[in-house]
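Listed below, chain by chain, are the residues.
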Amino acid sequence: SGHAPVAAPAPSPAEQAARAVANVAGVAPGPAANQSPANQSPANNQPPPAPSAPPGMSPASVERVLGPNAPPIADLADLAARKLALLEFFHRAKDETLPPAEVLTHYLVAACDADHEVAKRGEELLRRRCVWDTNRPTVNLEDPAIVSKLYRAFLGDPESVPVESRANPASPALKLRLIALMCRSVAAANAFPHTVQAIFTGLYGAGTNLRMKAAAMELAVWVLRHATDSQLAQAAPLLFSGMIKLLDGETKGAAASGGIAAGGVASLRGFCYQALGQLATRLPRLVVGTPDLAARVFTALGTEPEAVRPSVQTAARSLASAYKGCGGGVAMAIEGLLLSSIDAGAAVGDDAG
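What counts, and where the lines are drawn
- Residues numbered from 1 in each chain as written.
- Predicted model: local features only at pLDDT ≥ 70, side-chain atom pairs only at ≥ 80, totals over all residues.
- Heavy atoms only, no water.
- Helix = DSSP H or I, 4+ residues; strand = E, 2+ residues; numbered from the N terminus.
- Buried < 20%, exposed > 50% of the residue type's maximum accessible area, 1.4 Å probe, protein only.
- Contact = heavy atoms within 4.5 Å.
- Areas by Shrake-Rupley, 256 points an atom, 1.4 Å probe, with all protein chains shown as cover.
- Salt bridge = Lys/Arg side-chain N within 4 Å of Asp/Glu carboxyl O.
- Axes fitted to C-alpha atoms, helices over the stretch in contact; angles between N-to-C directions.
- Left-handed = near helix turned anticlockwise from the far one by under 90°.
- Nonpolar A, V, L, I, M, F, W, Y, C, P; charged D, E, K, R; others polar.
- Arc of directions from axis to C-beta.
- Phe/Tyr/Trp six-rings, centres within 6.5 Å; stacked < 30°, edge-to-face > 60°.
- Lys NZ or Arg CZ within 6 Å of the ring centre and 35° of its normal.
- 1 Å grid on protein atoms, 1.4 Å probe; cavity = no way out; pocket = protein on both sides within 12 Å on 5 of 7 lines; lining within 4 Å.
- Points joined across faces, edges and corners; volume = space filled by probe spheres on them.
- pLDDT = per-residue confidence, 0-100.
- Lys, Arg positive; Asp, Glu negative; His and termini not counted.
- Core = buried A, V, L, I, M, F, W, Y, C linked by side-chain atoms within 4.5 Å.
- Patch = residues over 30% accessible without salt bridge, like charges linked within 9 Å, V, L, I, M, F, W, Y side chains within 5 Å.
- Parallel < 35°, antiparallel > 145°, perpendicular 65-115°, else oblique.

K.L.:
Any details on the overall build of the protein chain? Residues and values, ideally.
P.N.:
Assigned secondary structure in the protein chain consists of 14 helices and zero strands. When its helices and strands are written in sequence order, the protein chain yields α-α-α-α-α-α-α-α-α-α-α-α-α-α. Burial statistics for the protein chain: of 353 residues in total, 37% are counted as buried. Of the contacts formed within the protein chain by residues at least 6 apart in sequence, a portion of 70% connects residues at least 24 apart. As displayed, the protein chain offers around 19,600 Å² of accessible surface, 58% of which is attributable to carbon and sulfur atoms.

Dropping the structure here:
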């Protein structure tokens, strides 16, 4: 027709989070609202893979650090020596020249280094210069700029950044350290959509493990406790579906298996029930429209292993408060669930006798 194509509007933060969740959770997302299947790029037009760079860095940043005429790194010992020299430079710089907030992520990365001496020195400098848990902190974890740095280090850069400048996500060890800091910051609990992206990356991202999943669930509980109402309204539906997926997935039955990882799985499922309880407390309208969640939790009181039951009981109390005052078929269904739970408990008591 000769008309220039109209630029597609940028996706909203909620759409960005939903796509990120779909990517890491292994759910195939549908086409964006502003993109028809006919306009999507065919597979053979995909961009080439990005040049290699270590976690937390981009190809451009690697080139910038090494310099155009830098001698090649001889071996791992040479690399460690260069890292220690850089840490020594940071150490000698005064706070006025290089404030603690500016070196926080550098020290965190060093503390997670594979080389023992680098990790030891990084940990030492981190504890000495970057203090956040005293009455006179040198690093303010409520500073939006610091929170943004933590999430950028965790997630890497978005796909909109050119591949040569796109920073990779953090290493698993660094992700655990970053989550520990996020769970000390109310500002970090109010950074949607990064909160949801970090949680789902920890739960379903490539290379995740039981420890990472437990850390991600700890962050989820923190977000559900400390997010503002407006932030929670955006994050809650995604987090709710994520908790249900986790309970119904690979952890189901594993907590009672008695295997080596049973304790870790029990802790993970406990975090899930804590999160569901927080959701019921903070956003009851998300759960009261149907008795499905109540049925799940009441059933879990009799099926989850002993280590998980305290979390299930807490979630059940939260649900009881959320469902208070509901009427119609939902109220009748809840009443039936309560009676069934009482009958099941009585039957267990008779068997024990």
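K.L.:
Account for the pattern of salt bridges, with residues named and values stated.
P.N.:
Side chains that differ in charge, positive against negative, can pair when their charged atoms come close. According to the stated counting rule, one finds 14 salt bridges in the structure shown. Measuring nitrogen to oxygen at the nearest pair gives 2.6 Å for the salt bridge that ties Asp113 to Lys83. Of the two residues, Asp113 sits in the loop between helix H4 (100–111) and helix H5 (116–129) while Lys83 sits in helix H3 (residues 76–92), which places them 30 residues apart along the sequence. With its nearest N and O atoms 2.7 Å apart, the salt bridge here joins Asp95 to Arg129. In this pair, Asp95 is assigned in the loop between H3 and H4 and Arg129 in helix H5, connecting sequence segments 34 residues apart.

K.L.:
I'd like to hear about the packing of helix H6 (residues 144–155) against helix H8 (residues 194–204), residue by residue, with values.
P.N.:
Contact geometry for H6 and H8: axes closest at 10 Å, N-to-C directions at 35°. Seen from above, H6 lies across H8 with left-handed handedness. In this structure, H6 uses Tyr151, Phe154 and Leu155 to contact H8, whose residues at the interface are His194, Thr195, Gln197, Ala198 and Thr201. Its residues assigned to classes, the contact of H6 with H8 comprises four nonpolar, four polar and no charged.

K.L.:
So what's going on with helix H7 (residues 172–182)? Residues and values would help.
P.N.:
What sets the pattern is the α-helix's 3.6 residues per turn: residues three or four places apart point alike. For H7, the full list of buried residues reads Leu174, Lys175, Leu178, Ile179, Leu181 and Met182. All buried residues of H7 project into a common sector of 155° when viewed along the axis, lining one side. Summarising the contacts, the buried residues of H7 are in contact with H4, H6, H8 and helix H9 (210–226).

K.L.:
An account of the packing of aromatic side chains is requested, with residue identities and associated values reported.
P.N.:
Two measures describe an aromatic ring pair: the distance that separates the ring centres and the angle between the ring planes. A complete count under the given rule lists three aromatic pairs for this structure. Geometrically, the ring pair formed by Phe89 and Phe90 is tilted, given 6.0 Å between the ring centres and 55° between the ring planes. By way of ring pairs, the aromatic residues Phe89, Phe90 and Tyr107 are connected into one cluster. We note Lys245 situated over the ring of Tyr204; from NZ or CZ to the ring centre the distance is 5.3 Å.

K.L.:
Can you lay out the layout of surface pockets for me, pointing to particular residues and giving the numbers?
P.N.:
The calculated volume of the second largest pocket comes to roughly 1,600 Å³. Pro55, Gly56, Met57, His106 and Val109 are, among the 44 residues lining the second largest pocket, the residues nearest its centre. Looking at the lining of the second largest pocket, the elements with two or more residues in it are helix H2 (59–66), H3, H4 and H6. Of the residues assigned to the lining of the second largest pocket, the class counts are 26 nonpolar, nine polar and nine charged.

K.L.:
I'd like a description of the confidence of the model for the protein chain, backed by residues and values.
P.N.:
Averaged over all residues, the pLDDT of the protein chain is 79; the fraction at 70 or higher stands at 73%. Contacts of residues 4–8 to residues separated by more than four positions or lying in other chains number one contact, the stretch itself having pLDDT below 50. With pLDDT under 50 throughout, residues 344–349 is counted as low confidence; its partners more than four residues away or in other chains account for zero contacts.

K.L.:
Outline the side chain of Lys175, listing residues and values.
P.N.:
For Lys175, the position within the fold is in helix H7. We note that Lys175 is buried and unpaired, the nearest opposite charge coming from Asp157 at a distance of 14 Å. Setting aside residues up to four positions removed in sequence, Lys175 forms contacts with Phe154, Pro169, Ala170, Thr201 and Met212.

K.L.:
I'd like a rundown of the nonpolar core, residues and numbers included.
P.N.:
In summary, soluble globular proteins display a tendency toward joint burial of nonpolar side chains. In this structure, Met217 and Leu219 are the most contacted members of the largest nonpolar core, which totals 82 residues. Each residue touching Met217, except ones within four places of it in the same chain, is listed here: Leu203, Met243, Leu246, Leu268, Phe271, Cys272 and Ala275.

K.L.:
Any details on a nonpolar patch on the surface? Residues and values, ideally.
P.N.:
The grouping of Val65, Leu66 and Ile73 at the surface amounts to a nonpolar patch, some 260 Å² of accessible area in total. Structurally, the position occupied by Val65 is in helix H2.

K.L.:
Go over the environment of Leu293, please, and point to the residues and values.
P.N.:
Along the polypeptide, Leu293 turns up in helix H12 (residues 292–303). Classification of Leu293 by relative accessible area gives buried; the value is 5%. It is 9.7 Å that separates the C-alpha atoms of Leu293 and Ala280, two residues lying 13 residues apart in sequence.

K.L.:
Can you break down the packing of H8 against H9 residue by residue, with the values?
P.N.:
Where H8 contacts H9, the two axes come as close as 7 Å, and the packing angle between them is 155°. It follows that H8 is roughly antiparallel to H9 by the angle criterion. In this structure, H8 crosses over H9, and the sense of that crossing is left-handed. Across the interface between the two elements, Thr195, Ala198, Ile199, Gly202 and Leu203 from H8 touch Met212, Lys213, Ala216, Met217, Leu219, Ala220 and Val223 from H9. The residue inventory of the contact of H8 with H9, partitioned by class, reads nine nonpolar, two polar and one charged.

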